[in-house]
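Listed below, chain by chain, are the residues.
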Amino acid sequence: MAKSTPTPVYDDQGRELIVKVENLQKYFGRNHVLKGIDLEVFKGEVVVLIGPSGSGKSTFLRCLNFLEDPTTGEIGIGGVHVTCGSHGGTFKKDVHQIRMKCGMVFQEFNLFPHMDATENVTEGPILVKGEKKAAAIEKAHELLRKVGLGERMDFFPSQLSGGQKQRVAIARAMAMDPVLMLFDEPTSALDPELIGEVLKVMKDLASQGMTMIVVSHEMGFSRDVADRVVYMDDGYFIEQGPPSEVFFHPKDDRTKRFLRHILPEKEPEHAKELGILEVDQELPAPDGPPAGSDASDDLAPDGRRVPLQGPAGAALNEDNLADTAIPEVPLSNGPMGETPLPPGDERL
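Residues numbered from 1 in each chain as written. Predicted model: local features only at pLDDT ≥ 70, side-chain atom pairs only at ≥ 80, totals over all residues. Heavy atoms only, no water.

Q: Would you mind going over the packing of aromatic side chains with me for this structure?
A: Think of a pair of aromatic rings as described by two things: how far the centres are apart, and how the planes are tilted against each other in angle. On inspection of all chains with the given rule, the structure shows 4 aromatic pairs. Ring plane angle 75° and centroid distance 5.4 Å describe the contact between Phe-60 and Phe-237, whose orientation is recorded as edge-to-face. Note that Phe-60 is positioned in helix H1 (residues 57–64) and Phe-237 in strand E12 (residues 236–241), a separation of 177 residues in sequence. Of the two residues, Phe-60 and Phe-237, neither departs from the other in class, the shared state being buried. When the ring centre of Phe-42 is taken as origin, the NZ or CZ atom of Arg-15, which lies over that ring, is 3.8 Å away. Its guanidinium or amino end placed over the ring of Phe-28, Lys-26 lies 4.6 Å from that ring's centre, counting from NZ or CZ. (Phe/Tyr/Trp six-rings, centres within 6.5 Å; stacked < 30°, edge-to-face > 60°. Helix = DSSP H or I, 4+ residues; strand = E, 2+ residues; numbered from the N terminus. Buried < 20%, exposed > 50% of the residue type's maximum accessible area, 1.4 Å probe, protein only. Lys NZ or Arg CZ within 6 Å of the ring centre and 35° of its normal.)

Q: How do you make sense of the packing of helix H3 (residues 117–127) against helix H5 (residues 162–174) when you look at a structure like this?
A: Two quantities define a packed helix pair, namely the angle between the helix axes and the distance between the axes. The N-to-C vectors of H3 and H5 enclose an angle of 30°; their axes lie 8 Å apart at closest approach. Accordingly, the angle class assigned to the pair H3 and H5 is roughly parallel. As H3 runs across H5, the sense of the crossing is right-handed. Contacts from Ala-117, Asn-120 and Val-121 in H3 reach Val-168, Ala-171 and Arg-172 in H5. Residue composition of the contact of H3 with H5, grouped by class: 4 nonpolar, 1 polar and 1 charged. (Axes fitted to C-alpha atoms, helices over the stretch in contact; angles between N-to-C directions. Parallel < 35°, antiparallel > 145°, perpendicular 65-115°, else oblique. Left-handed = near helix turned anticlockwise from the far one by under 90°. Contact = heavy atoms within 4.5 Å. Nonpolar A, V, L, I, M, F, W, Y, C, P; charged D, E, K, R; others polar.)

Q: Got a minute to help me understand the sheet that holds strand E11 (residues 228–233) in this structure?
A: In any sheet, the strands associate via hydrogen bonds between backbone groups, in a parallel or an antiparallel arrangement. What the 6 strands build is an open sheet, ordered E8-E9-E10-E5-E11-E12; its pairing is mixed. Across the chains shown, the open sheet's two edge strands, defined by having one partner strand only, are strand E8 (102–105) and E12. If you compare each strand with its neighbour and ignore which way they point, the axes differ by 20° on average. Of the pairings in the sheet, the one linking strand E5 (residues 46–50) to strand E10 (residues 212–215) comprises 4 bridges and is parallel in character. For Leu-49, the partnering residue across the bridge sits in E10 and is Val-215. Contacts from helix H2 (residues 89–101) reach E8 and strand E9 (180–184), with the element oriented near 60° to E8. (Pairing = 2+ DSSP bridges.)

Next up, the structure:
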């Protein structure tokens, strides 16, 4: 039987517990995907899940807000507790409450193509929460301005770049006033030059105290923003801790193998963000030059290491972050000689 705990839960240090997961199990038929996951996340924490593809990271996120039905285990979010595998009206009510407390941003943007940016953001608050249309629109405009889309409020998804669509998706999730934001590889479908604008919005959310669980291959973002990094493999949480420990002083051999072999082989740009330049390289010290490199080339005049560049590294440098406007597309007349409207002027 599901049970609700509407009052906030605090630990002995006075921190509010937002997420508590105990012994979470998930099967797809005979395929055992999540194998006894335990996790606690406190208010304002940013937890980043890393690991090879197929390790269960996205499935875990989808189980948290019941987009996938967990097989067994306990999930508590924002004071609402659910025993997975239960049935009945109380269970369904509590699952609905948990979903209302979670905002989720997917790999794909999943925007409604027939609605402009404002309408995409207001749809949930009006239909699900019953907010007045005028208030929902005012909130949507405020959120769109916060994510840098003040000039794109009436643009349709077809008129927006990939990064802009993802920022609309973030604003849409925030419009539901969640206590927890879930990000499932939000930059994986973006071109490298568009990644930075999305990461900047996520950094801003983190700095404002939003509790976040992020599945990401952006190692620079994980290093700079995460309070805790969790390495996941084969359905288990293998190792977790501050980024400085997990990335540069991992204890488990599987974590070491991922960072030294799998990551530089399959995702070299993301490995470079940590200073790992080749397969099986010794892990660099957090503030030192990567092994095998000339330290003088990577040091600023004050002796501090200059962050690695490249497409992904440069995206993390806020000086290089810029809003991406609608690209210029060569225009040609239609088959009957019609003159097309320039991008941005279309109205469906």
